[in-house]
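Single-letter residue listing:
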Amino acid sequence: FPSHLSSMPTQIALAETDSDIARCFAVMLQLRPHLVEGDFVPRVRRMQGEVFHLAYLAADGVVRAVAGYRYYAKLSSGKNLSVDDLVSDSTLRSRGHGRALLAWLAAEARAHGCVQLALDSGVQRCDAHRFYFRERLRISAYHFVVALE
């Protein structure tokens, strides 16, 4: 963990219980404002059945950063950890929470035999991009989508 986090009690863990998942909602909502609180726990539970993991960093018992991720393999790159969601509480930015959670994700990726950590980020998220560049992530591809109606 970054040295400035060592003075406060922090914990990074998987949100495995309904209570832990619900504790993550307020921070996740800052990244995904379309989410509905009453649907959050059941939605995460369904996604966990599809190999989705939800991790959180708590400081002093309060969730300060959240990450949703999954493992997958590609012919082009081998096994990857893909970060779907990474957000720290906007009222407490620049305190090392996001950095600590990203470092934890990288350690998890290594422990699970991944060759890389991948993360997509919306083009409008300039502040997040500055953070990713500082953390030595690089742009490696374009991600194209089309809505299927």
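Throughout what follows, the structure given in this document is the object of discussion.

## A word on the pattern of salt bridges
Part 1 of the reasoning: Within the structure shown, the criterion is met by six salt bridges.
Part 2 of the reasoning: The residue Asp18 makes a salt bridge to Arg45 at a minimum N-O spacing of 2.8 Å. Here Arg45 lies in helix 2 (residues 37–48) and Asp18 lies in helix 1 (residues 18–31), a separation of 27 residues in the sequence.
Part 3 of the reasoning: A relative accessible area of 41% means that Asp18 is categorised as partly exposed.

## Let's talk about the sheet that holds strand 3 (residues 62–74)
Part 1 of the reasoning: The mixed open sheet is built from five strands, whose spatial order is 1-2-3-4-5. Lying at the two open borders of the sheet, with one neighbouring strand each, are strand 1 (10–14) and strand 5 (116–119). Along the sheet, successive strands turn relative to each other by an average axial angle of 25°, direction set aside.
Part 2 of the reasoning: The sheet contact formed by strand 4 (residues 78–88) and strand 5 spans four bridges and is parallel. Across the sheet, residue Ser82 finds its bridge partner in strand 5, namely Ala118.
Part 3 of the reasoning: Contacting strand 1, strand 2 (52–59), strand 3, strand 4 and strand 5, helix 3 (residues 97–111) runs over the sheet at an angle of about 30° to strand 3.

## Observations regarding the pairing of strand 3
Along any regular strand the residues' side chains alternate between the sheet's two faces.
Part 1 of the reasoning: Pairing analysis gives eight bridges linking strand 2 to strand 3, with the strands arranged antiparallel. Paired with His53 across the two strands is Tyr69, which belongs to strand 3.
Part 2 of the reasoning: Count of turn residues in the strand 2/strand 3 antiparallel hairpin: two residues, of which Asp60 carries a positive phi of about 55°.
Part 3 of the reasoning: Looking at chain direction, strand 3 and strand 4 are connected through ten bridges and run antiparallel. Bridge pairing in strand 4 places Gly68 opposite Asp85.
Part 4 of the reasoning: Hairpin connection of strand 3 to strand 4: three residues between the antiparallel strands.

## So, the nonpolar core
Part 1 of the reasoning: Grouped together as the largest cluster of nonpolar side chains are 21 residues, with contacts concentrated most on Tyr69, Leu81, Leu86, Leu101, Trp104 and Leu105.
Part 2 of the reasoning: For this core, the secondary-structure elements that each account for two or more residues are strand 2, strand 3, strand 4, helix 3 and helix 4 (126–134).
Part 3 of the reasoning: At six residues, the largest contribution of residues to this core is made by helix 3.
Part 4 of the reasoning: In this structure Leu81 touches Tyr69, Arg70, Tyr71, Leu105, Glu108, Ala109, Cys114, Gln116, Leu117 and Ala118, once residues within four positions along its chain are discounted.

Procedures and definitions
Residues numbered from 1 in each chain as written. Predicted model: local features only at pLDDT ≥ 70, side-chain atom pairs only at ≥ 80, totals over all residues. Heavy atoms only, no water. Salt bridge = Lys/Arg side-chain N within 4 Å of Asp/Glu carboxyl O. Helix = DSSP H or I, 4+ residues; strand = E, 2+ residues; numbered from the N terminus. Buried < 20%, exposed > 50% of the residue type's maximum accessible area, 1.4 Å probe, protein only. Pairing = 2+ DSSP bridges. Axes fitted to C-alpha atoms, helices over the stretch in contact; angles between N-to-C directions. Contact = heavy atoms within 4.5 Å. Core = buried A, V, L, I, M, F, W, Y, C linked by side-chain atoms within 4.5 Å.

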